[in-house]
Amino acid sequence: MKFKTEVYFSGMRIAASCNGLILLSNWSDGRIIVCNPLRAQHFILPKPPKIVKDVTFFGCGFGHSPATDQYKVLRFYYHTPGTFILGFDIYTIGIDDKWRSIGYPGQPRVVLKSQLVFLNGAFHWIGFENENSWFICYFDIEKEQFGSFPLPSHIGIAFPYLGIVDNWLYILDDYSLDVQKLWVMKDYGDFSSWTLECVIEGARLGTPMPLKMLKDGTLLMMFNKWCNISSVKSSIKITLASYNPQTRVLKKIKHCGNSLWGGSVADVPRFFSPMDALKLQC
């Protein structure tokens, strides 16, 4: 099976990766695709439920349950970035014939500060009840249950951003463009294990998103920054860079592709076929 990029992948963005499979999504028409670029194979998920009229954005997460050997895609929808999530839909690959709406319990309130991040069998995101009470919310994909645990009070909560680097949950305290602190939970579930891993200074390339920590401690990161491309149109500029916490040196990295409205995820290529997730023979 060969990619027909002009037909299937036009307007697609990288949403997530799992076990060598890449999840692509399109905000404008709602298409969601699972593919393995290494094998040049893909399949298109059934069309998700139509989003209500006043919803303007949606996002996706992609995860695998070792207990059931099932792959699940979780879709959330909301008004605009930085506002509250309105609901969730879920699709189990190879099991469901259509998306299932699972709503949302509503507490803690949800703020969209990052993509859904998947770790230890659950999707995670940031939520809050008030300005002084912030949480990491999660959705267990095996039990299909919501839960949450509080953020430590010593971590700055001005503009927290949640992600994963090397199987650690991290919080980026993006209080200013000049100083950004990276906290990691070294032992998942142990609230006392939050550690200040590094302080990123003088990075004016935008909001950093750590992708990978190299053996020497250098962080490979993607920076997102809004920029004006015309008097009436703006977009997100993507910059790939590395940061060495010991030398405090930030270096831009040249990469192929469009620097506007791009996307990056840390992924380990595998020969696993996306068709295997469907329990089909290629």
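What counts, and where the lines are drawn
- Throughout, a residue's number is its position along its own chain's written sequence, starting from 1.
- Given that this is a predicted model, residues contribute local features only at a pLDDT of at least 70 and side-chain atom pairs are listed and counted only at 80 or more, while totals for whole chains, interfaces and linings are drawn from all residues.
- To obtain the side-chain values, all non-hydrogen atoms of the structure were included, while hydrogens and water were left out.
- Counting from the N terminus, the helices are the DSSP runs of H or I reaching at least four residues and the strands are the DSSP runs of E reaching at least two.
- Relative accessible area decides the class of each residue, using a 1.4 Å probe on protein chains only: under 20% of the type maximum gives buried, over 50% gives exposed, and in between gives partly exposed.
- Residues are treated as being in contact if the distance between any of their heavy atoms lies within 4.5 Å.
- We get accessible surface area from the Shrake-Rupley algorithm with a probe of 1.4 Å; when it comes to residues, only the shown protein chains can shield them.
- For two strands to pair, DSSP has to find at least two bridges joining them.
- Should a side-chain nitrogen of Lys or Arg be within 4 Å of a carboxyl oxygen of Asp or Glu, the pair is scored as a salt bridge.
- Only rings of Phe, Tyr and Trp enter the pairing, Trp through its six-membered ring, and a pair is recorded when the two centres are within 6.5 Å. The plane angle decides the type: under 30 degrees is stacked, over 60 is edge-to-face, the rest tilted.
- Each polar contact in these results corresponds to two N or O atoms within 3.5 Å; when the atoms are within protein, one needs to be able to donate a hydrogen and the other to accept it, and residues that are neighboring in sequence are counted only if both atoms are side-chain atoms.
- Nonpolar core, defined: a set of buried Ala, Val, Leu, Ile, Met, Phe, Trp, Tyr and Cys residues in which side-chain atoms within 4.5 Å join the residues together.
- Values of pLDDT, the confidence the predictor places in each residue, fall between 0 and 100.
- Here, axes are lines fitted to C-alpha atoms. For helices the fit covers the stretch in contact, and angles between N-to-C directions go from 0 to 180 degrees.

### Observations regarding the overall build of the protein chain
For step 1, the next point in the chain: Each helix and strand counted, the protein chain has two helices and 21 strands in total.
For step 2, the next point in the chain: Of all 282 residues assigned to the protein chain, the portion counted as buried reaches 44%.
For step 3, the next point in the chain: When contacts within the protein chain are restricted to residue pairs at least 6 apart in sequence, those whose partners lie at least 24 apart make up 43%.
For step 4, the next point in the chain: With the model as given, the accessible surface of the protein chain reaches about 14,700 Å², and the carbon-plus-sulfur share is 53%.

### Focus: the pairing of strand β13 (residues 145–150)
Consecutive side chains along a regular strand alternate between the two faces of the sheet.
For step 1, the next point in the chain: Both strand β12 (residues 133–140) and β13 contribute to a ladder of six bridges, which runs antiparallel. Looking across to β13, one finds that Phe 139 is bridged to Phe 146.
For step 2, the next point in the chain: Hairpin connection between β12 and β13: a loop of four residues separates the two successive antiparallel strands, and Glu 144 in this loop has a positive phi of roughly 55°.

### Some details on the environment of Trp 194
For step 1, the next point in the chain: Tracing the backbone through its elements, the reader meets Trp 194 in strand β17 (residues 194–201).
For step 2, the next point in the chain: Ignoring sequence-local partners within four residues, the contact set of Trp 194 consists of Ile 136, Pro 152, His 154, Ile 155, Leu 169, Tyr 170, Ile 171, Trp 183, Val 184 and Met 185.

### Let's talk about the pattern of salt bridges
For step 1, the next point in the chain: What the rule picks out here adds up to six salt bridges.
For step 2, the next point in the chain: Between Arg 100 and Asp 96 there is a salt bridge, with its nearest N and O atoms 3.1 Å apart.
For step 3, the next point in the chain: Among the residues examined, Arg 100 registers a relative accessible area of 28% and is labelled partly exposed.
For step 4, the next point in the chain: The shortest N-O distance in the salt bridge between Asp 166 and Lys 212 comes to 3.2 Å. Of this pair, Asp 166 sits in the loop between β14 (160–165) and β15 (168–173) while Lys 212 sits in strand β18 (residues 207–213), and the two are 46 residues apart along the sequence.
For step 5, the next point in the chain: With a relative accessible area of 40%, Lys 212 lands in the partly exposed category.
For step 6, the next point in the chain: Through salt bridges with shared partners, one network takes in Lys 72, Asp 96, Arg 100 and Glu 144.

### Some thoughts on the packing of aromatic side chains
For step 1, the next point in the chain: Enumeration according to the criterion identifies eleven aromatic pairs in this entry.
For step 2, the next point in the chain: Both rings, one in Tyr 138 and one in Phe 149, keep their centres 6.2 Å apart while their planes meet at 35°; by these two values the pair is tilted. Here Tyr 138, found in strand β12, pairs with Phe 149, found in strand β13; they are eleven residues apart in sequence, far enough to count as distant.
For step 3, the next point in the chain: A relative accessible area of 26% means that Tyr 138 is categorised as partly exposed.

### Overview of the side chain of Ser 65
For step 1, the next point in the chain: Secondary-structure assignment places Ser 65 in strand β5 (residues 57–65).
For step 2, the next point in the chain: In terms of polar contacts, Ser 65 uses its side chain to reach the side chain of Thr 68, at 3.2 Å.
For step 3, the next point in the chain: Here Ser 65 is in contact with Gln 70, Ile 141 and Glu 142, once residues within four sequence places are set aside.

### Examining the nonpolar core
For step 1, the next point in the chain: In terms of nonpolar packing, the biggest core is built from 20 residues, with Tyr 170, Leu 182, Met 209, Leu 219 and Met 221 touching the most fellow members.
For step 2, the next point in the chain: Listed by contribution, the elements that provide at least two residues to this core are β14, β15, β16 (179–185), β17, β18, β19 (219–228) and β20 (234–244).
For step 3, the next point in the chain: In this structure Leu 182 touches Tyr 170, Ile 171, Leu 172, Thr 195, Leu 196, Glu 197, Cys 198, Pro 210 and Leu 219, once residues within four positions along its chain are discounted.
For step 4, the next point in the chain: Core analysis: the second largest hydrophobic core is formed by 18 residues, Leu 21, Ile 32, Phe 62 and Trp 99 among them.

### Description of the confidence of the model for the protein chain
For step 1, the next point in the chain: When pLDDT is averaged along the protein chain, the result is 76, and 68% of the positions lie at 70 or above.
For step 2, the next point in the chain: Summarising per-element confidence for the protein chain, the mean pLDDT is lowest in helix α1 (residues 5–8) (46) and highest in strand β10 (residues 117–119) (91).
For step 3, the next point in the chain: Here residues 1–7 is a poorly scored stretch, pLDDT under 50, and it has 17 contacts once near neighbours within four places are set aside; other chains count.

### Thoughts on unusual backbone geometry
For step 1, the next point in the chain: Phi at Asn 19 takes a positive value of approximately 55°, unusual for a residue other than glycine.
For step 2, the next point in the chain: Note that Asn 19 resides in the loop between β1 (13–18) and β2 (21–25).
For step 3, the next point in the chain: Residue Asn 19 is classed as partly exposed on the basis of its relative accessible area of 28%.
For step 4, the next point in the chain: Not every positive phi belongs to a glycine, and Asn 120 is a case in point at roughly 55°.
For step 5, the next point in the chain: Positionally, Asn 120 belongs in the loop between β10 and β11 (122–130).
For step 6, the next point in the chain: Taking the relative accessible area as the measure of exposure, Asn 120 reaches 52% and is therefore exposed.

### A few points about the sheet that holds strand β3 (residues 32–36)
For step 1, the next point in the chain: With antiparallel pairing, the four strands of this open sheet are ordered in space as β1-β2-β3-β4. With one partner strand each, in any of the chains shown, β1 and β4 (41–44) form the two edges of the open sheet. Between one strand and the next, the sheet's axes are offset by a mean angle of 25°, whatever the strand orientation.
For step 2, the next point in the chain: Here β3 runs beside β4; their pairing, made up of four bridges, is antiparallel. For Ile 33, the partnering residue across the bridge sits in β4 and is Ile 44.

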